[in-house]
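Coordinate inspection notes
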Amino acid sequence: MNKVIVIVLGIFLFLSCKNETVNESDTKMNDNPLLAEWNTPFGVPPFDLIQSEDYVPACREAIKMHKEEIDKIVNNEEAPTFKNTIEALETSGKMLSRITSAFYAVSGANTNDVLKEARKVLSPELTAHRDEIALNEELFKRVDVVFNQREELNLTAEELFLLEEMHKRYIRSGVNLEGAQKERLKEINKRLSELSTIFGENLLNETNGFELHVTDKKDLGNVSESLKASAAEEAVKRGKESGWVFTLQRPSINPFLQTSPNREFREKLFQGYALRGDNDNKNDNKDIIIEMANLRLERANLLGFRSHADLVLSNNMSETADAVYELMDQLWPSALEMAKKDRDALSEMMKNEGIEGDFRGSDWRYYVDKIRTKRYNFNEDETRPYFEFNSVREGAFMLADKLFGLQFKLLDEAPKWHEDQQVYEVLETDGTHIGVLYMDFFTRESKRGGAWMNELREQSNIDEFITPIVTNNFNFPPPTKDTPSLLSFTEAQTLFHEFGHALHGLLSNVKYGSLSGTNVPRDFVEFPSQVMENWMSEPEVLALYAKHYITGEVIPLEMIDKMNEANSFNEGFRTVEYLAAVYLDLDWHSITEPVEKDVRTFEKEAMEKIGLIDEILPRYRSTYFAHIFSGGYSSGYYSYQWSEVLDADTYNEFKKTGDIFDADLAKKYRKMLSDGGSKSGMDLYKDLLGRTPEIESLLKKKGFN
Ligand SMILES: [Zn+2]
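Residues numbered from 1 in each chain as written. Predicted model: local features only at pLDDT ≥ 70, side-chain atom pairs only at ≥ 80, totals over all residues. Heavy atoms only, no water.

The next subject is the overall build of the chain. Counting its regular elements, the chain contains 27 helices and 10 strands. Computed over C-alpha atoms, the radius of gyration of the chain comes to 25 Å, within 12% of the 27 Å expected from 2.2 N^0.38 for 705 residues, which places it in the range of a compact globule. Summarising its shape, the C-alpha atoms of the chain cover approximately 85 × 60 × 55 Å along the three principal directions. Residue burial in the chain is summarised as follows: out of 705 residues, 62% are buried. Within the chain, contacts between residues separated by at least 24 positions form 75% of all contacts whose residues are at least 6 apart in sequence. (Helix = DSSP H or I, 4+ residues; strand = E, 2+ residues; numbered from the N terminus. Rg over C-alpha atoms; globule rule 2.2 N^0.38 Å. Buried < 20%, exposed > 50% of the residue type's maximum accessible area, 1.4 Å probe, protein only. Contact = heavy atoms within 4.5 Å.)

Side chains that differ in sign of charge can pair as their charged atoms come close. Evaluation of the coordinates by the stated rule reveals 64 salt bridges. A salt bridge links glutamate 644 to lysine 702, with the nearest nitrogen and oxygen atoms 3.9 Å apart. Of this pair, glutamate 644 sits in helix 24 (residues 639-656) while lysine 702 is found in the segment after helix 27 (696-701), placing the two residues 58 residues apart along the sequence. The two residues glutamate 644 and lysine 702 agree in class, both being buried. When salt bridges that share partners are traced, they join Asp278, Asp280, Asp284, Lys286, Arg600, Glu603 and Arg621 into one network. (Salt bridge = Lys/Arg side-chain N within 4 Å of Asp/Glu carboxyl O.)

The next subject is the pairing of strand 10 (residues 469-476). With eight of eight residues buried, strand 10 is to be regarded as a mostly interior element. Residues of strand 10 alternate between two faces, with Ile469, Thr471, Asn473 and Asn475 on one and Val470, Asn472, Phe474 and Phe476 on the opposite face, all of them buried. Note that strand 6 (residues 433-442) and strand 10 share six bridges and pair parallel. Looking at the pairing, aspartate 440 lines up with asparagine 473 of strand 10. Looking at chain direction, strand 7 (residues 452-457) and strand 10 are connected through five bridges and run antiparallel. By the bridge assignment for strand 10, glutamate 455 is matched with valine 470. (Pairing = 2+ DSSP bridges.)

The next subject is helix 14 (residues 361-376). In this model, helix 14 (16 residues) spans 22 Å end to end at C-alpha, consistent with the 22 Å of a helix rising 1.5 Å per residue. For helix 14, a buried count of 12 out of 16 residues is recorded, marking the element as mostly surrounded by other parts of the structure. For helix 14, every residue scored as buried is listed here: Gly361, Ser362, Asp363, Trp364, Arg365, Tyr366, Tyr367, Val368, Asp369, Ile371, Arg372 and Tyr376. Against helix 9 (250-259), helix 10 (263-274), helix 13 (321-352), helix 20 (557-569) and helix 21 (571-589) lie the buried residues of helix 14. (Expected span 1.5 Å × (residues − 1).)

What follows concerns the nonpolar core. Ranked by size, the top nonpolar core spans 162 residues in total, and within it Phe387, Leu437, Trp535 and Trp588 carry the most contacts. Among the elements that make up this core, the one with the highest residue count is helix 13 (12 residues). Structurally, this core is a two-domain feature, drawing no fewer than three residues from each of domain 1 (7-203) and domain 2 (210-274). Beyond its immediate sequence surroundings of up to four residues, phenylalanine 387 is in contact with Val392, Ser485, Leu486, Leu487, Ser488, Phe489, Ala492, Leu542, Tyr545, Ala546 and Ile555. (Core = buried A, V, L, I, M, F, W, Y, C linked by side-chain atoms within 4.5 Å. Domains from an automatic or database assignment.)

For the rest of this paragraph, the subject is the packing of helix 2 (residues 82-91) against helix 5 (residues 137-148). Helix 5 packs onto helix 2 with a crossing angle of 120 degrees between their chain directions and a minimal axis gap of 10 Å. In terms of orientation, helix 2 lies oblique with respect to helix 5. Taken as a pair, helix 2 and helix 5 cross one another with a handedness that is left-handed. Between helix 2, through Phe82, Asn84, Thr85, Ile86 and Leu89, and helix 5, the contact on the second element is made entirely by Leu139, Arg142, Val143 and Val146. Of the residues contributing to the contact of helix 2 with helix 5, the split by class is six nonpolar, two polar and one charged. (Axes fitted to C-alpha atoms, helices over the stretch in contact; angles between N-to-C directions. Parallel < 35°, antiparallel > 145°, perpendicular 65-115°, else oblique. Left-handed = near helix turned anticlockwise from the far one by under 90°. Nonpolar A, V, L, I, M, F, W, Y, C, P; charged D, E, K, R; others polar.)

Over its 13 residues, helix 20 extends 18 Å from the first C-alpha to the last, a length consistent with the 18 Å expected when each residue adds 1.5 Å. Residues of helix 20 that are buried: Met559, Ile560, Met563, Ala566, Asn567 and Phe569. Next to the buried residues of helix 20 lie helix 13, helix 14, helix 16 (489-506), helix 19 (539-545) and helix 21.

This next bit is on the domain arrangement of the chain. As assigned here, the chain comprises domain 1 (7-203) and domain 2 (210-274). Here domain 1 and domain 2 have C-alpha centroids that lie 44 Å from each other.

So, about the confidence of the model for the chain. In the predicted model, the chain carries a mean pLDDT of 92, and the fraction of residues at 70 or more is 96%. Note on residues 3-28: pLDDT is under 50 here. Beyond four places in sequence and across chains, it has 83 contacts. (pLDDT = per-residue confidence, 0-100.)

Structurally, the position occupied by glutamate 577 is in helix 21. Those residues in contact with glutamate 577 that lie beyond four places of it in its chain are Arg365, Ile616, Leu617, Pro618 and Arg619.

Taken as a whole and judged by the stated rule, the model has 46 aromatic pairs. Both rings, one in tryptophan 535 and one in phenylalanine 654, keep their centres 5.0 Å apart while their planes meet at 75 degrees; by these two values the pair is edge-to-face. Of the two residues, tryptophan 535 sits in helix 18 (residues 527-536) while phenylalanine 654 sits in helix 24, which places them 119 residues apart along the sequence. A single burial state applies to tryptophan 535 and to phenylalanine 654, both of which are buried. Seen from their ring centres, tyrosine 637 and tyrosine 640 are 5.5 Å apart, and the 65 degrees between their planes marks the pair as edge-to-face. For tyrosine 637, a relative accessible area of 4% gives the class buried. Through successive ring pairs, a cluster of aromatic residues spans Tyr578, Tyr620, Phe625, Tyr633, Tyr637 and Tyr640. When the ring centre of tryptophan 38 is taken as origin, the NZ or CZ atom of arginine 98, which lies over that ring, is 3.7 Å away. (Phe/Tyr/Trp six-rings, centres within 6.5 Å; stacked < 30°, edge-to-face > 60°. Lys NZ or Arg CZ within 6 Å of the ring centre and 35° of its normal.)

All right, on to empty space enclosed by the protein then. Evaluation of the coordinates by the stated rule reveals three cavities of 30 Å³ or more. The calculated volume of the largest cavity comes to roughly 170 Å³. Residue lining of the largest cavity: 16 residues in total, with Phe270, Tyr273, Arg365, Glu577 and Leu617 positioned closest to the centre. Of all the secondary structure elements, the ones that give two or more residues to the lining of the largest cavity are helix 9, helix 10, helix 14 and helix 21. (1 Å grid on protein atoms, 1.4 Å probe; cavity = no way out; pocket = protein on both sides within 12 Å on 5 of 7 lines; lining within 4 Å. Points joined across faces, edges and corners; volume = space filled by probe spheres on them.)

If you want it as structure tokens, here you go:
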């Protein structure tokens, strides 16, 4: 559940994404639709015309164009001004950013061999290009001149913020480094980019390469009919004569672990998941991790920071690793204690069933499900009939209407990258166009795991107002022959979460694209998405959308109450597996000496230090921790927790007004979304609530105080 951050170290600044008609001086490139004018509704990418083979040549051409724009800025004979340097830099590279935005969206959500190869080829080239700009001394000199005059320039707050951020990033990018050091930095960035691509590919191969073939019906336990059907279809697809195939995709593995009475099968699936990237085969990620951790340390040192975490966090709302450890340490003991209590109860239940041996991690979900059924008489699959995916999407739209007066209109004619997508035009109540939202719901092999949002075009308003185009991507169970896609409550929550990111992008109203929408510090970016999850389970919101897909009956409130009770039962586990991954991330990136031990030992020691119990794995073990080794979240996985403090605190303010749609607060909230990243995270927060964040609401929500 993340907002994809594709660029390392925030050098993204130079590749702000806008979409304007391009002067086609080079007619021979006309046959590449990526470089041509986009005659599509609201200028969305012409996905119907773009071939996978078009990306590499188009990107290379756009890099060339961007270089020319940069040269023009550098060689400008006029003295540097805000307009001819800062704004010119901000608006350069439009063509490149519109192409890479489309490329990252498609290669994440609907990849193929050509796109995979393109990613491998382009990733180092793009990094090299960004480095060239970020390390361009002549360019920096101009920026520096403007920066030093900033007090006298009568800049608006947003202009000043843009200038300061740009200057800061220049310094952090290593522009002040001398000869050999600078060359080394470029090498490191290039290598890191390659490694992170390989890491992701290995992980995808490992995930797709595994299967659990079940042939005896009794081993299925009571998995839902829809999962049974898709597992049977999967078996056919994989050439089995009969039976069901379960995979390591979350919609497949989690329900199986919850319900299959076959303990050895559960263990096999669990281990299959837990050992991804750690099988000592050609997809092994261990050496990659060591190399990445050490290169990140070396880069941080080159730039004058003690560790990679120090480098990354200095740009976040939290500012230091100590502040993060401090927050985690406030949550960890209560969570661990709660998880231990749960483990003892689960383990006792297993013994009472006459099962010998130690209680294992692969038993956890099964007995949680049993206790839930026994103690709360609840199974999350019971919620599925009430969360047909179209209704849930409709619920999210209605919430956006209630809070912000937004309207959504199906844009059937918009080109798509996959036929399952739905595209919407987003409008104000009065019909003013706001932007376009692409939604891609179902799991498939060509899509990476998880759920995420990204932007095809950022909002900006320099010479004209450019409206945003954003995407939401999910891995929901696809419909089968007999049933529509029915989401669990948790999956429905994911939809609202990603939709929150989408709104952040859509409601943006700033001048500069690089400060728009979700271009906020990493530990702030999950706040607007997580806060949306609060509304979706309120009775008055559920009444709007959570209706049985056959009978139309609204989900009974007793079921929600029961679910909330049942869910809070496993809160210790959830917090522990999440925080364990946070500690792991921070430990990998707080190193101040190169790692010499192997990954397994490093991980074991990190987990022993916090006293993690054997029956719980970190939510991601290192070898499949894509957030930090192939996404943009290194030293940033804690962000979800940090944002959760903000989210609980803010929603509590809505509750305190006595009206969860309180118009006044909703207006302030929308203002915060529309300010995007044009202010620091703390300033945005203070504008919203008139004070700094407080942790009490979160502790209460989790039952920790
Ligand atoms: Zn998210």
